[in-house]
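# Chains, contacts and geometry: an overview
Letter by letter, the chains look like this.
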Amino acid sequence: MPNDQLRAIVQQMPKAELHIHIEGSLEPELIFALAQRNGISLAYPSVDALRAAYAFTDLQSFLDIYYAGASVLIKEQDFYDMTAAYLARAAADNVVHAEIFFDPQTHTERGIAFETMINGIWRACQDGPISAGLIMCFLRHLSEEEALATLEDALPFRDKLIGVGLDSSEQGHPPEKFARVFARCRQLGLHLVAHAGEEGPPAYISTALDVLQVERIDHGVRCLEDAALTSRLAREQVALTVCPLSNVKLRVFGDMGSHNLLDLLDAGLLATVNSDDPAYFGGYMNDNFLAVFDALPLSRVHAQRLARNSFLAAFLDPVQKQGYLDEVDRFFATI
Ligand code: ADE
Ligand code: ZN
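So, here's what we can say about the structure. Predicted model, so just to flag it, every value in this text is computed and none were measured.

## Examining helix α17 (residues 318-334)
Relative to the 24 Å expected for 17 residues at 1.5 Å per residue, α17 spans 24 Å between its end C-alpha atoms, a close match to the ideal helical length. Within α17, burial applies to Lys321, Tyr324, Leu325, Val328, Phe331 and Phe332. Looking down the long axis of α17, one finds its buried residues gathered within 115 degrees of arc, a one-sided arrangement. Looking at α17, the residues exposed on the side facing more than 90 degrees away from the buried face are Val319, Arg330, Ala333 and Thr334. Considering only its buried residues, α17 is in contact with α1 (3-12), β2 (95-102), β3 (131-139) and α16 (300-312). Measuring from the backbone nitrogen of Val319 back to the side-chain oxygen at the start of α17 gives 3.0 Å, which picks out Asp317 as the cap.

Dropping the structure here:
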């Protein structure tokens, strides 16, 4: 198949996004607009100067600038505007369903009320052009006590959440640090996910599954270093929410040609493609799809599998899920 035809297919196919940090969708232009609106002075003189600072060497070097960027979010409308911008951008890439991470502790630590943040994000999802669910992430560089306090803050908004996750600095903060808070979230009927095996070792993927009992692994690309773990992930069809541009920007892989997405698929894993922090890593969903399809020997069969995987891995009810899978299959039957 000619490459431009395959490129058109991956752009046009219906897809779900399952790994997007809403704070990571904050474009430099919006950071500057919100800073001005809220009377905040930034450490960078211009949008271009801020963008020029996006030269990361690892996860921590990114997180430092990502948390600084989020400091312009003060009012409910700020959270609304950020989320509305992401949803419009996702819809333009034929994302029809998104499961969106947010980091409450990044905001409550700055004195922003939990309700300010969640009401803004939630209202934008209600008004948005695609279906969306919210996943509250605990920051793993903070303590489990702080995560438990955040869960308490979230309880009045329980019905606005589909699940909880675990993000931020991975190395030295293993999943088992959060065993009690995840057990409590499981009792509350929340879906569970965790970042693991991005920079951290494959053992973190195992403990995320065994101790936290998560249903999906965010990233998980280092699983291939452990053959027994890889077999298990394939057998149990544990979804991996892979983020190709993020992995290259944060130097998990040296370049896109070295990315292991195709190896994950060949190992029978339920891998999906996602954008992670699109404003920081050079692209939204279709940019990620195009980057991997340009760099790796992926075919139309892989495109259909990745689109199907995104819905198979989504926290949708069975009827909705089948509806989206049928939509994918109809799309591929007509092109
Ligand atoms: N927070 C935002 N993006 C992240 C990533 N890629 N890994 C861990 N925490 C994050
Ligand atoms: Zn992430």
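## What to know about the site of ligand 1
Surveying the vicinity of ligand 1 reveals the residues His21, Leu59, Phe62, Leu63, Tyr66, Asp167, Ser168, His195, Glu198, His219, Asp276 and Asp277. One of the backbone N or O atoms of Ser168 is found 2.8 Å from a nitrogen atom in ligand 1. Take Asp276: an N or O atom from its side chain is 2.7 Å from a nitrogen atom of ligand 1. For ligand 1, whose free accessible area comes to 270 Å², the fraction covered by protein is 100%. For the shell around ligand 1, the element with the highest residue contribution is helix α4 (residues 59-69), accounting for 4 residues. Looking at the shell around ligand 1 residue by residue, the classes come out as 4 nonpolar, 4 polar and 4 charged.

## Brief notes about the coordination of the zinc ion (ligand 2)
Within the protein, His19 (NE2), His21 (NE2), His195 (NE2) and Asp276 (OD) serve as the donor atoms for the zinc ion (ligand 2), at 2.0 to 2.2 Å. Read in sequence order, the donor residues for the zinc ion (ligand 2) give the motif H-x1-H-x173-H-x80-D. Residue His19 is found in strand β1 (residues 15-21), and its partner Asp276 is found in the loop between β8 (270-273) and α14 (278-281); the two are separated by 257 residues along the sequence. The two residues His19 and Asp276 agree in class, both being buried.

Criteria and cut-off values
- Residues numbered from 1 in each chain as written.
- Chains lettered and ligands numbered in written order.
- Predicted model: local features only at pLDDT ≥ 70, side-chain atom pairs only at ≥ 80, totals over all residues.
- Heavy atoms only, no water.
- Helix = DSSP H or I, 4+ residues; strand = E, 2+ residues; numbered from the N terminus.
- Expected span 1.5 Å × (residues − 1).
- Buried < 20%, exposed > 50% of the residue type's maximum accessible area, 1.4 Å probe, protein only.
- Arc of directions from axis to C-beta.
- Contact = heavy atoms within 4.5 Å.
- Polar contact = N/O pair within 3.5 Å; in protein donor to acceptor, adjacent residues only side chain to side chain.
- Near = heavy atom within 4 Å.
- Areas by Shrake-Rupley, 256 points an atom, 1.4 Å probe, with all protein chains shown as cover.
- Nonpolar A, V, L, I, M, F, W, Y, C, P; charged D, E, K, R; others polar.
- Donors = N, O, S within 2.8 Å, 3.2 Å for Na, K, Ca; no water.

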